[in-house]
Amino acid sequence: MSLEKRVDVMNSNRAKIVCEQVSMIFQQRFGTVNINVLEDIDLAVEENEFLVIVGPGQCGKTTLLRIMAGLQAPTSGRVLLDNEKISKPGPDRGLVFQKYTLFPWLTAMGNVEMGLKLRGVGKTERREIARHYISLVGLEGCEKSYPHELSGGMKQRVGIARAYANNPKVMLLDEPFGQLDAQTRYLMEQETVRIWESEKRTVIFVTNNIDEAIYLGDRIITMEGKLPGRIKSTYRVDLDRPREHTDIQFLELRHRITEETALLL
Amino acid sequence: MEQSESIAGCGIQMETGPALEKREGAWAAVRGLLRNRYCLYGLSVIGFLLIWYWAALYSSISRFMPTPDQVFNEMVRIAGHKLAGKTLVGHLWASLRRVLIGFGIGVALGVPLGLIMAINKYINAAVKPIFDLFKPMPPIAWISLAILWFGIGEQSKVFIIAIGAFVPALINSYNGIRLVDPALYDAVRMLGGNRRQELYQVTFPAAFPAIFAGFQIALSMAWGSVLAAELVGARSGMGYIIILGMKVFKPELIIGGMIIIALVAGFLTLSLNYLEKKVCPWKRELT
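Thresholds, definitions, all that
Residues numbered from 1 in each chain as written. Chains lettered and ligands numbered in written order. Predicted model: local features only at pLDDT ≥ 70, side-chain atom pairs only at ≥ 80, totals over all residues. Helix = DSSP H or I, 4+ residues; strand = E, 2+ residues; numbered from the N terminus. Buried ≥ 20, exposed ≤ 12 C-beta atoms within 10 Å, placed from the backbone. Contact = placed C-beta atoms within 7 Å. pLDDT = per-residue confidence, 0-100. Pairing = 2+ DSSP bridges. Core = buried A, V, L, I, M, F, W, Y, C linked by C-beta atoms within 7 Å. Axes fitted to C-alpha atoms, helices over the stretch in contact; angles between N-to-C directions. Parallel < 35°, antiparallel > 145°, perpendicular 65-115°, else oblique. Left-handed = near helix turned anticlockwise from the far one by under 90°. Nonpolar A, V, L, I, M, F, W, Y, C, P; charged D, E, K, R; others polar. Expected span 1.5 Å × (residues − 1). Arc of directions from axis to C-beta.

Chemist: Hey, could you go over the overall build of chain B for me, with residue numbers and the actual values?
Modeler: On a plain count of helices and strands, chain B comes out with twelve helices and zero strands. Reading the helices (α) and strands (β) of chain B from amino to carboxyl end gives α-α-α-α-α-α-α-α-α-α-α-α. Going through the 287 residues of chain B one by one, you find that 32% of them count as buried. Pairs at least 24 apart in sequence give 66% of the contacts found in chain B among residues at least 6 apart.

Chemist: Outline the confidence of the model for chain B, supporting the account with residue identities and numerical values.
Modeler: Residue and element names in this part refer to chain B. Taken over all residues, the pLDDT of chain B has a mean of 87, while the share at 70 or more is 90%. Segment residues 1–12: pLDDT under 50, and 14 contacts once partners within four positions in sequence are set aside and those in other chains are kept. Two numbers describe this predicted complex: its pTM, 0.81, and its ipTM, 0.88.

Chemist: I'd love a proper account of the sheet that holds strand β5 (residues 84–85) of chain A, names of residues and values included.
Modeler: Two orientations exist for strands paired in a sheet by backbone hydrogen bonds: parallel and antiparallel. Residue and element names in this part refer to chain A. Strands sit in the order β2-β1-β4-β5 across an open sheet of four strands; the sheet is antiparallel. Looking at which strands have only one partner, the edges of the open sheet turn out to be β2 (33–46) and β5. Pairing geometry for strand β1 (residues 15–28) and β2, over ten bridges, is antiparallel. Bridged to Cys-19 within β2 is Leu-43.

Chemist: Just give me the short version of the nonpolar core, but keep the residues and values in it.
Modeler: If you look at the biggest cluster of nonpolar residues, it comprises 120 residues, and the most contacted ones within it are Met68(A), Ala161(A), Ile204(A), Ile161(B), Ala165(B) and Ala222(B). Looking at which element gives the most residues to this core, the answer is helix α10 (residues 195–231) of chain B, with 15 residues. Discounting residues that sit within four places of it in the chain, Ala222(B) has contacts with Val99(B), Gly102(B), Phe103(B), Ile161(B), Gly164(B) and Ala165(B).

Chemist: How would you summarise the packing of α10(B) against helix α12 (residues 251–279) of chain B if you had to cite specific residues and measurements?
Modeler: Two quantities define a packed helix pair, namely the angle between the axes and the distance from one axis to the other. Residues and elements named next belong to chain B. Packing of α10 against α12 brings their axes to within 10 Å, and their N-to-C directions diverge by 165°. When the axis of α10 is compared with that of α12, the two are roughly antiparallel. In this structure, the crossing between α10 and α12 has a hand that is right-handed. Taken together, the residues of α12 that come into contact with α10 (itself represented by Phe-212, Phe-215, Gln-216, Leu-219, Ser-220, Trp-223 and Leu-227) are Ile-261, Ala-265, Leu-268, Thr-269, Leu-272 and Glu-276.

Chemist: Please provide a residue-by-residue account of the sheet that holds strand β7 (residues 170–174) of chain A, values included.
Modeler: Residue and element names in this part refer to chain A. If you walk across this open sheet you meet the six strands as β6-β7-β8-β3-β9-β10, and the pairing is mixed. With one partner strand each, in any of the chains shown, β6 (93–96) and β10 (231–236) form the two edges of the open sheet. The mean angle between the axes of side-by-side strands here comes to 15°, regardless of whether they run parallel or antiparallel. With five bridges connecting them, strand β9 (residues 219–223) and β10 associate as antiparallel partners. Of the residues in β10, the one forming a bridge with Ile-220 is Tyr-235. Against the sheet, helix α9 (residues 248–261) engages β9 and β10, with an angle of about 170° to β10.

Chemist: Give a description of unusual backbone geometry that names residues and reports values.
Modeler: Glycine aside, residues mostly have negative phi angles, and peptide bonds mostly take the trans form. All names here are of chain A. A cis amide bond links Arg-241 with the next residue in sequence, Pro-242, at an omega value of 0°. By the secondary structure assignment, Pro-242 is in the loop between β10 and α9. Of note in this structure, Tyr-100 is not a glycine but carries a positive phi near 65°. Tracing the sequence through the fold places Tyr-100 in the loop between β6 and α3 (108–112). For Tyr-100, a count of 24 C-beta atoms within 10 Å translates into the label buried.

Chemist: Break down the interface of chain B and chain A for me, with residues and values.
Modeler: Taken together, the contact pairs 17 residues of chain B with 21 residues of chain A. Those elements giving two or more residues to the side of chain B that touches chain A turn out to be α9 (182–190) and α10 of chain B. In terms of residue count, α9(B) provides more of the side of chain B that touches chain A than any other element does, six residues in total. Its residues assigned to classes, the side of chain B that touches chain A shows eight nonpolar, five polar and four charged.

Chemist: Run through helix α5 (residues 123–136) of chain A, naming residues and quoting values.
Modeler: All names here are of chain A. Taking 1.5 Å as the rise per residue, α5 with 14 residues should run 20 Å; its terminal C-alpha atoms sit 20 Å apart, in good agreement. For α5, the complete set of buried residues consists of Arg-126, Ala-130, Tyr-133 and Ile-134. Down the axis of α5, the sector holding all buried residues measures 105°, keeping them to one side. Of the exposed residues in α5, those oriented more than 90 degrees away from the buried face are Thr-124 and Glu-125. Residues of α5 that are buried sit in contact with α3, α4 (114–118) and α6 (152–165). Remark: Gly-138 follows α5 within two positions and exhibits a positive phi of approximately 75°.

Right, here's the structure in full:
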């Protein structure tokens, strides 16, 4: 057995989440118009891997993430989490939304402990867990703030803590920093790496920003720039963290991805 | 800090410093007054009263236009003197009681029905066409029918008020639930919520501000309806005082009644606003 093959087998054994031949067709106008959003997506994500999916708007990457979340059923194909088919949303996957989607009537603390509350965890225990994740995302002192009192970056910290507090096997992040200004975005990327390194999870991170992808990912998957959405190519990022945007290898990889995807920045 | 301190608690910001004071002096003070909100409010009220006095004394409607002080005196008089067996407070309470009962009935029926219609599409399909037909009817249009059905007593008045409150309470509860951001349901389902938890943890709290806004509209509809109900055959209430004022050629009764109604309605609205801030301290996020 060649070395490459052996690595592959090893990887597939450790695969946390697997997409098999996932296709998605949206029907519009009472079924007269079909839109192929995703076509034959095959993907395996290893345990504790940080996978970034990059693609321009409208390339199906959010749909792929929603299928993995179980919020949408694929037209054909299936998604497996620990070898079990995903058929509905559930707390074993933590989703972080592009538009934060916090519960506006709950404080930061209330939002973070919501998942635990839904599963019937007792009040003192869930307070303790929620407090841990609030401090992990650097929001001590903001427990009693309502979402409208928080800035965009802080809202997304609450969103991350809310997903983490449920102790999910997989974290799914859907362009989580898309609405932030450049400085806050960069800061949040650093924070994401810090949080992920202190509590490792399998992460699938969707973005349209190549810099963000290289800064964060162990592996980067690029999508075709037009529908139907397909996986274009895969890149390994073998750079030590924390990474430097100005590092020569960083720039080389950025250059390569940009060349090959053409459509992207 | 001291330089920008306000004067006499009415928020006038003065530019101080010896040089400025000399140059600008009194003019700065006048300008400061003109920039002060409360000072301008005062000017507005004074201007309005002046126009009122003019209309009462010199205009073509002056025959049936009392001056502000005549209105005030008349109100003081009926506060201690009975009209049709009741003092002013008695009449006010008669109206307020009808409003509160009718409002209570209208809201108690409208809110649950609106919620059920928004949650269950079959009930919605059954109720909505009929409700849509009744919805645009002004509550006043029910007066004659209410009197035929329930006679001229309390029942018919409460009935009209209840209809007036019922419609906005239902519409707001219904829309409040339908306009809940669907992404919030995604969020609660991803966190492990089941159907029942979706309802109690997302639907109701998210719709609460809209339901509460429905209360406010329902209350003002109830006030509008009580007057209409009392204008037709009543022996008590603020509507009765107004009608009486017309019958006995005493416009000061009419205007006084109008002002008291406005004050009470305004007070009720303010109380509801205060209550809303207490029970939902979070601002409704519009995305």
